[in-house]
Amino acid sequence: MIRAEGVGVEIDGARILSGVSAELDQPRIAVIGANGSGKSTFARTLNGLVAPTEGRVEVRGIDPAREPKRARSAVGFLFSNPDAQILMPTPREDLALSLRAAGVPKGQVPVLMTEALARFGLADRGDQPAHSLSGGQKQLLALAAVLIREPRVVIADEPTTLLDLGNARRMARLLLGEEDGPIAEQTVIVTHDLDLARRCDVALHFADGNLVAQGDPGEVIAHYVREFA
Amino acid sequence: MIRAEGVGVEIDGARILSGVSAELDQPRIAVIGANGSGKSTFARTLNGLVAPTEGRVEVRGIDPAREPKRARSAVGFLFSNPDAQILMPTPREDLALSLRAAGVPKGQVPVLMTEALARFGLADRGDQPAHSLSGGQKQLLALAAVLIREPRVVIADEPTTLLDLGNARRMARLLLGEEDGPIAEQTVIVTHDLDLARRCDVALHFADGNLVAQGDPGEVIAHYVREFA
Amino acid sequence: MIALYRSGHSLLHRTPAGWKLLGLLVGAVTLTLLPRTVWTAAIAFASVAALFIVGGIGVGAWARQLWTLKWIIVLLAGTQTIFLGWELATANTVRVVAVVMLAALVTFTTPAEETIDVLQRVLGPFRKFGVDPWRVAFTVQLTIAVIPVISGMAARIREAQIARGVRLGPRAIVTLLVMALRHADDMADSLTSRGIA
Amino acid sequence: MSTKKDPWVARDLTRVAVFAALIVVLGLMGPIPVPGLVPITAQTLGVILAGTVLGWKRGAAAVGVVLILVAIGLPVLAGGGGGFGSFFGATGGYLIGWFFGAAAIGAIAHSGPITWWRVGLGAVVGGMLVIYAFGLPVQSLVAGQPLGVSALQSLAFLPGDIIKVVIATFLTLVLARAYPPAFPDRVRAKKSVPASSAA
Ligand SMILES: Nc1ncnc2c1ncn2[C@@H]1O[C@H](COP(=O)(O)OP(=O)(O)OP(=O)(O)O)[C@@H](O)[C@H]1O
Ligand SMILES: Nc1ncnc2c1ncn2[C@@H]1O[C@H](COP(=O)(O)OP(=O)(O)OP(=O)(O)O)[C@@H](O)[C@H]1O
Ligand SMILES: O=C(O)CCCC[C@@H]1SC[C@@H]2NC(=O)N[C@@H]21
Ligand SMILES: [Mg+2]
Ligand SMILES: [Mg+2]
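Residues numbered from 1 in each chain as written. Chains lettered and ligands numbered in written order. Predicted model: local features only at pLDDT ≥ 70, side-chain atom pairs only at ≥ 80, totals over all residues. Heavy atoms only, no water.

Enquirer: Now, about the overall build of chain C: what can you tell me, with residues and values included?
Expert: From N to C terminus, chain C includes nine helices and zero strands. For chain C, the sequential pattern of α-helices and β-strands runs α-α-α-α-α-α-α-α-α. Compactness check: chain C gives a C-alpha radius of gyration of 22 Å against a globular reference of 16 Å for 197 residues, more than 25% above the reference. Taking all 197 residues of chain C together, the buried fraction comes to 49%. (Helix = DSSP H or I, 4+ residues; strand = E, 2+ residues; numbered from the N terminus. Rg over C-alpha atoms; globule rule 2.2 N^0.38 Å. Buried < 20%, exposed > 50% of the residue type's maximum accessible area, 1.4 Å probe, protein only.)

Take a look at the structure:
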C-alpha cells in the first residue's frame, strides 16, 4: 500500500506540490502530467529524497520522512539518465556497491552479481568500462543495480526516454512484470509515454502541483489528452 | 537537396557508418533506427561536425567536409540535450550570441531578440537564469537560437525527449512547419517517436551503421516495427 | 582511462604495495642525503635501471618513461650548469631522474586497487578527524567512473559551439560547470536512493 | 566562518568527484606550449575553480582525489603524466601546493558573499602564492639548487598563471549568475529572480 495524506512540498519558498492524497494498492501505478507539474517531486517523496512540508506519505507501512534508511532499502528508484546512476567504473563493481550497501555477506556477492548480469543480458560485459555500454545496456544495468537489492517497491522516473523501440519495449515489459514476473510488490512509473501508462493498473494525473485525477488509466489518460486537443 | 554518396565513417578504428547513399529533396525527413545504429553520426555529417571517411555529403550544394563554415551557417543543428546548447547565462544573452555570430548589425539585435522570445513564449523570461527554465522552455530557447540565424536546413536530434505531451506537440508542430509555416527549406528529424516520424515526407531507417530502408514513412516505420514484433 | 600499471608476476609485482611504498620513501631520502657526486648519481641511476629489469618492465618502457622527463632534464641541467657548474648539474639532474624512475617503477608494478587499500589503511588513524577511509576510496572510484562522462560533456559543448558558429574560448567552461554540477546532483540522488551514502 | 557541524551528504561526495574529474579533463585538453620550456596547463584553472566554487574543504578534497588518482597510477596529469614519479620529481611540490592552494582559495573566496575581489584575492593567494610556497622549496630541495635559481626557473609560469587567475575569477562570477545553486547558500548573492517560477 502506498498512501499520501494531504502531501504538500515547498522548496525555497516555491510551492511545488499541494494537497496530494491517494491510497494505492494496485501493483502497477502510472504517473502522468505536464513538464513541471510535480511528478518527479511526488515520486521523490516516496523514498524520502524529498520530505513533504505538509501531510505525510506511507509506503508499505514506512514513513520515508521519518525512517529514510528503511524507506530506501524497501523502495528502489530508477532514474531516466543512466549515466548518473552508474557510479562505478565497471558493471560488476557497480552491482557490488549495491550489494555492499544492502549488507549482503561478501561470500554471496559474486554469485548474486553473476546472476543479475545474466538476467539482463550483460553476462559477458561485467568487466568492460561502464561508459562503453550502449544507452540501452546502461539503463538495464541501472535497473539491475536497483533490483539486486530486492526492493518491495520500485519507482521509475521516465525510464524509457532515449531508448529505442526494442530497448523501450524490453524495459517496459520488465517494469510491468511481463518478462519474468513482477519485479516488486508495487511499481510506480512516471512517464510521458502514454502507451506505457495505459498498461498500468491505475494512473495519477498531476497538474500544477496538484493531483487532479486518479483511477482507470484509460479514463485518466483520455482526460489528460483532451486538455491538449 | 540533401545528397549522400557512399558515405562511410570510421572513428578510432571503429566502423560507425558504411555505404550510406540517399538523395532527398523532400522538405521533412525523418531518421529512425535502434540505439547505436548511426543516426546521430549521419546527422552530424550533414553540418560537418563529423567528416565522412569515405564518400561525400552535399547539403544545398555545399560539401560540409570542404566548406564547414558555409555549411554551418546554412545548416542549423538542434541537439537533444538543451543544457549543452545554452551557452550563456540568460536567454537574451544566449540569443545575442547567435546574432553576433551571424553578423547581424548591433542596432537590430534587440528587436530580433524580442521577436524571437515572443515567438517561443519566452517573452517575460529573457533575463532569468537560463537554467531555471523548465525542460520544455529550454528546448524552445535552443530552437530559437538555431532559427534566429535563419538556416536553410534544420537538423534536430531527438528534439522531443523529456518533453510532455503539450511541449512535444508544440515542438513537433514547429519543426514540421505546422505552426507558422516551414522553419527552413528542409528539416531533418532524428527521433524514436514514431508518430512524429510518420508525419514527415520521407523516412530513413538505419541499422548497424547502414541505411537499410528509405521511402514513404508509413512503410519504412511498419518495417522497423515488424523487426521487434 | 588506462592505468599505467603493467601486469606481471615478477618479484616486484609480488611484493606487497605497502613495502614498495616504504622502499620508495627510503630510497628517495637516501639519495637526497648521499654525497652529490657524479658517481653516486650514476650508481643510483644504474640500480634503478636494474630494478626495471627485475620488475620485467623492459627497456622500451624504461626509455619511454625517461623521455617523459625530457623537459625537467633540460630545465634542470640547463639552469644548473649556468649557476652551479656542469659536475654538480649532472649529479643533481641524474639523481632526480633516478628517484622519479624509481617511483614510476612502483606505479608500473602495483595495481590501482592495492594502492587504494594501502591508502585506506594509512587513512585509518584520521578517523578521529572525521575522515572516513571507505568514503575516500569510494569518491576516487566515483571520479574514475565520471571522467568519461565529463569529457563527453566537454565534447557536446564543443559541438554545440561549432554548430552555432560561435567560439567562446574559456567562457565555455561555465557551461561545462553547470552541466557537471547538475550531473553531480543527479548522481547524488541515485547514491542516496541506493542507500550508499 | 564554517558552522561547527558540517556533515558531508551524498551531494558533497558527487560534487567533489565531478570537480576532480573536471580537473582531469582540463588536463586532457593538452598543455599549451609557451616559449621558455615549461608548458602551462589548464589544470591549475580547475584547481582554482574547485576552491572558488566548492569552498575550502570540498575544494581541497577534489584536488586531493586528483592527487590520489596520480598516486594510483592513472595518467591524469596534463600530457598523460601520472604515477608516483610525479610526486618525487622537481614539480612534486607544486602538486602538494594545489591541495593547500585550493583550500586557501576556498577559505578566502567564501569568506562572505561571492564578489569579484574576494574571488580574485583568493585566486591570487591560493592559486599562485600558496602553490609557489610549496613548489619552490621542494623544487630547490629535490634539484639541489638555491631557491633563487628555482624562482628564476618558475618565472616561466608567471604569465600563464596570471592569465588563469583572471579567467578563473571571471568564470566564477559568470557561474554565480548563470547557476546560483552551484554555490553554498551562505555565499550566494541576494536572490534576483526566484528560480521556481518555471512552469
Ligand atoms: N529543488 C528545487 N528547487 C526549486 N524548484 C524546484 C526544485 N525541484 C523542482 N522544482 C520545480 O518544481 C516544479 C515541479 O518539478 P518536477 O521535477 O516535480 O516536475 P515534473 O512533473 O517531474 O516535470 P518533468 O515532466 O519535466 O520531469 C518545477 O517547476 C521545478 O522547476
Ligand atoms: N566519437 C565516437 N567514438 C567512438 N565511437 C563512437 C563515437 N560516436 C559514436 N560512436 C559509436 O557509434 C555508434 C553509433 O552512434 P550514434 O550516436 O550515431 O547512434 P544513434 O543511432 O544516434 O543512437 P541513439 O539512438 O542511442 O542516439 C555507437 O555504437 C556509438 O557508440
Ligand atoms: O603536471 C605536473 O606534473 C605538475 C605540474 C605543476 C605545474 C605548476 S603548478 C604552478 C605552475 N603553473 C603552471 O602552469 N605550472 C606550474
Ligand atoms: Mg520529472
Ligand atoms: Mg543519437
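Enquirer: So what's going on with the packing of helix α3 (residues 91–101) of chain A against helix α5 (residues 135–147) of chain A? Residues and values would help.
Expert: Residues and elements named next belong to chain A. Direction vectors running N to C along α3 and α5 enclose 25°, while the axes themselves pass 8 Å from each other. Considered as vectors, α3 and α5 are oriented roughly parallel to each other. Remark: the crossing between α3 and α5 carries right-handed chirality. On α5, the residues that touch P91, D94, L95 and S98 of α3 are L141, A144 and A145. Partitioned by chemical class, the residues of the contact of α3 with α5 number five nonpolar, one polar and one charged. (Axes fitted to C-alpha atoms, helices over the stretch in contact; angles between N-to-C directions. Parallel < 35°, antiparallel > 145°, perpendicular 65-115°, else oblique. Left-handed = near helix turned anticlockwise from the far one by under 90°. Contact = heavy atoms within 4.5 Å. Nonpolar A, V, L, I, M, F, W, Y, C, P; charged D, E, K, R; others polar.)

Enquirer: Outline the packing of aromatic side chains, supporting the account with residue identities and numerical values.
Expert: Aromatic ring pairs: the centre-centre distance and the angle between the two ring planes describe each pair. One pass over the full model with this rule turns up eleven aromatic pairs over all chains. Seen from their ring centres, F42(B) and F206(B) are 5.1 Å apart, and the 40° between their planes marks the pair as tilted. Taken as a pair, F42(B) in helix α1 (residues 39–45) and F206(B) in strand β8 (residues 202–207) lie far apart in primary sequence, 164 residues in all. For the pair F42(B) and F206(B), one class covers both residues: buried. A connected cluster of aromatic rings, assembled from ring pairs, spans F99(D), F100(D) and F134(D). (Phe/Tyr/Trp six-rings, centres within 6.5 Å; stacked < 30°, edge-to-face > 60°.)

Enquirer: Break down the site of ligand 3 for me, with residues and values.
Expert: All names here are of chain D. Around ligand 3, a shell composed of twelve residues is seen, among which L77, W98, F157, D161 and K164 lie nearest. For ligand 3, a nitrogen atom lies 2.9 Å from a polar atom in the side chain of D161. Within the side chain of K164, an N or O atom sits 2.7 Å from an oxygen atom of ligand 3. Notes on ligand 3: free accessible area 410 Å², of which the protein chains cover 89%. Broken down by element, the shell around ligand 3 gets its largest block of residues, three residues, from helix α5 (residues 92–109). A class-by-class count of the residues in the shell around ligand 3 yields seven nonpolar, three polar and two charged. (Near = heavy atom within 4 Å. Polar contact = N/O pair within 3.5 Å; in protein donor to acceptor, adjacent residues only side chain to side chain. Areas by Shrake-Rupley, 256 points an atom, 1.4 Å probe, with all protein chains shown as cover.)

Enquirer: I'd like to hear about the interface of chain D and chain C, residue by residue, with values.
Expert: At the junction of the two partners, chain D supplies 53 residues and chain C supplies 63 residues. Considering only the side of chain D, the residues that lose the most area to chain C are L13(D), I72(D) and F88(D), jointly responsible for 13% of the buried surface there. Applying the counting rule to chain D against chain C returns two salt bridges. With a shortest N-O distance of 3.2 Å, R15(D) and D185(C) are connected by a salt bridge. When residues of the side of chain D that touches chain C are traced back to their parent elements, those giving at least two are α1 (10–28), α2 (43–54), α3 (56–71), α4 (85–88), α6 (116–143), α7 (147–153) and α8 (158–178) of chain D. Counting residues per element, the side of chain D that touches chain C draws most heavily on α1(D), which supplies 15 residues. Residue composition of the side of chain D that touches chain C, grouped by class: 42 nonpolar, nine polar and two charged. (Buried area = accessible area lost by both parts, 1.4 Å probe. Salt bridge = Lys/Arg side-chain N within 4 Å of Asp/Glu carboxyl O.)

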